[in-house]
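# A look at the structure
Spelled out from the first residue to the last, the chains are:
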Amino acid sequence: WFFKNKKLSAKQLADDPPCVSGVGVSDYLNDPTVRSQLHVPDKIETWSLCSAIDYSMLPIGSQWIWEGLKNEYRMLKYSGDTDAVVPTKGTVRWINTMNRTILADWRPYFVDDYLGGSVIEYDGLTLGTIHGAGHMTPIDRPSQTYHLIFNWLFRRPI
């Protein structure tokens, strides 16, 4: 979307990409009451799905966070199994470099008698896939994403 439209104005770049609707999220996150409850200072500009974010990329990415929080928190990482932006294969590769102990090896899970995805449990980290979903799993497969996240949150079998 961006690279095909290099002549877009700053206003157009601030709009949502054509394949995504972020109006509800934008309305919610920019609501004055919500901003206040989230302790967002007034000097911070309103939220936009396509806001330019100034960050530095590191070769290790966010892996250091996952390593640093080991034994501090239960963690869930999930990925759509057709995600071309952050492929599951790459996620599995960096998780394996941390040498975590596998508590329960890969197994499928089902939602309404259909394959929802797969899950593997490490010491303190659960990795789940959402079958048939890309980068935006809640949009692609809402039921499967809900099933994975909320069963994990409430410590129910996935």
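Residue numbers restart at each chain and count upward from 1, following the sequence in its written direction. Confidence filtering applies because this is a predicted model: local features only for residues at pLDDT of at least 70, side-chain atom pairs given and counted only at 80 or more, and all residues used for totals across whole chains, interfaces and linings. Side-chain numbers here rest on the full set of heavy atoms in the structure, without hydrogens or water.

### Some words on the packing of aromatic side chains
Test applied: Each pair of aromatic rings taken from Phe, Tyr and Trp, with Trp reduced to its six-membered ring, is defined by centres within 6.5 Å and is described as stacked if the planes are under 30 degrees apart, edge-to-face if over 60, and tilted in the remaining cases. Numbering goes from the N terminus for both helices and strands, where a helix is a DSSP run of H or I of at least four residues and a strand is a run of E of at least two. Buried means the residue's accessible area, taken with a 1.4 Å probe over protein chains only, is under 20% of the maximum for its type, while exposed means over 50%, and partly exposed covers the values in between.
Taken as a whole and assessed by the stated rule, the structure comprises three aromatic pairs. With a centroid separation of 5.8 Å and 50° between ring planes, the pair formed by Trp66 and Trp94 is classed as tilted. Within this pair, whereas Trp66 is found in helix H4 (residues 63–68), its partner Trp94 is found in helix H5 (residues 88–96), the two being separated by 28 residues in sequence. With respect to burial, Trp66 and Trp94 carry one shared label: buried. Cluster of aromatic residues (ring-pair linked, three or more members): Tyr146, Phe150 and Phe154.

### Considering the nonpolar core
Using the following cut-off: Think of a nonpolar core as a cluster: buried Ala, Val, Leu, Ile, Met, Phe, Trp, Tyr and Cys residues, connected wherever their side-chain atoms sit within 4.5 Å. Should any heavy atoms of two residues lie within 4.5 Å, those residues are counted as being in contact.
With 10 residues, the main nonpolar core is built from Trp66, Met75, Val92, Trp94, Ile95, Met98, Ile120, Tyr122, Leu125 and Leu127. Elements represented by at least two residues in this core include exactly H5, strand S3 (114–122) and strand S4 (125–130). When residues in this core are grouped by element, the largest group, three residues, is from H5. When neighbours within four sequence positions are excluded, Met98 is seen to be in contact with Gln63, Trp66, Glu67 and Leu125. Among the nonpolar cores identified, the runner-up in size contains nine residues, and Leu76, Ala133, Trp152 and Ile158 belong to it.

### Thoughts on H5
Under the convention used in this document: Taking the helix axis as origin, the arc is that swept by the directions to the C-beta atoms.
Within H5 the residues assigned to the buried category are Thr88, Thr91, Val92, Trp94 and Ile95. Angularly, the buried residues of H5 cover 165° about the axis, an arc narrow enough to put them on a single face. In H5, the exposed residues that point more than 90 degrees away from the buried face are Lys89 and Arg93. Tucked into the core, H5 has its buried residues touching H4, strand S1 (75–80), strand S2 (102–111), S3 and S4.

### Quick word on the pairing of S3
Rules: If DSSP finds at least two bridges between two strands, the strands pair.
With seven bridges joining them, S2 and S3 adopt antiparallel strand pairing. Note that in S3 the partner of Ala104 across the bridge is Glu121. Connecting the antiparallel pair S2 and S3 is a turn made up of two residues, with Asp112 showing a positive phi of about 55°. Here S3 pairs with S4 via four bridges, running antiparallel.

### Overview of the environment of Glu45
Locating Glu45 in the fold gives a position in the loop between helix H3 (32–37) and H4. Along the chain, Glu45 and Asn30 lie 15 residues apart, while their C-alpha atoms are 9.1 Å from each other.

### Section: the side chain of Ser79
The test is simple: Here a polar contact means two N or O atoms within 3.5 Å. Within protein one must be a hydrogen donor candidate and the other an acceptor candidate, and residues neighboring in sequence count only if both atoms are side-chain atoms.
With respect to the helices and strands, Ser79 occurs in strand S1. With a relative accessible area of 4%, Ser79 lands in the buried category. At 2.9 Å, the side chain of Ser79 forms a polar contact with the side chain of Thr88. When neighbours within four sequence positions are excluded, Ser79 is seen to be in contact with Val86, Pro87, Thr88, Gly128, Thr129, Ile130 and Thr137.

### As for a nonpolar patch on the surface
Counted only if it meets this: Note that patches include only residues with greater than 30% relative accessible area and no salt bridge, and the join distances are 9 Å for like charges and 5 Å for nonpolar side chains (Val, Leu, Ile, Met, Phe, Trp, Tyr). Surface accessibility follows the Shrake-Rupley procedure with a 1.4 Å probe radius. Residue values consider only the protein chains on display as shielding. What makes a salt bridge here is a side-chain nitrogen of Lys or Arg within 4 Å of a carboxyl oxygen of Asp or Glu, nothing more.
A contiguous nonpolar surface patch, about 410 Å² in accessible area, is contributed by Trp64, Ile65, Leu69 and Tyr73. Assignment of secondary structure puts Ile65 in helix H4. Note on Ile65: relative accessible area 34%, which makes it partly exposed.

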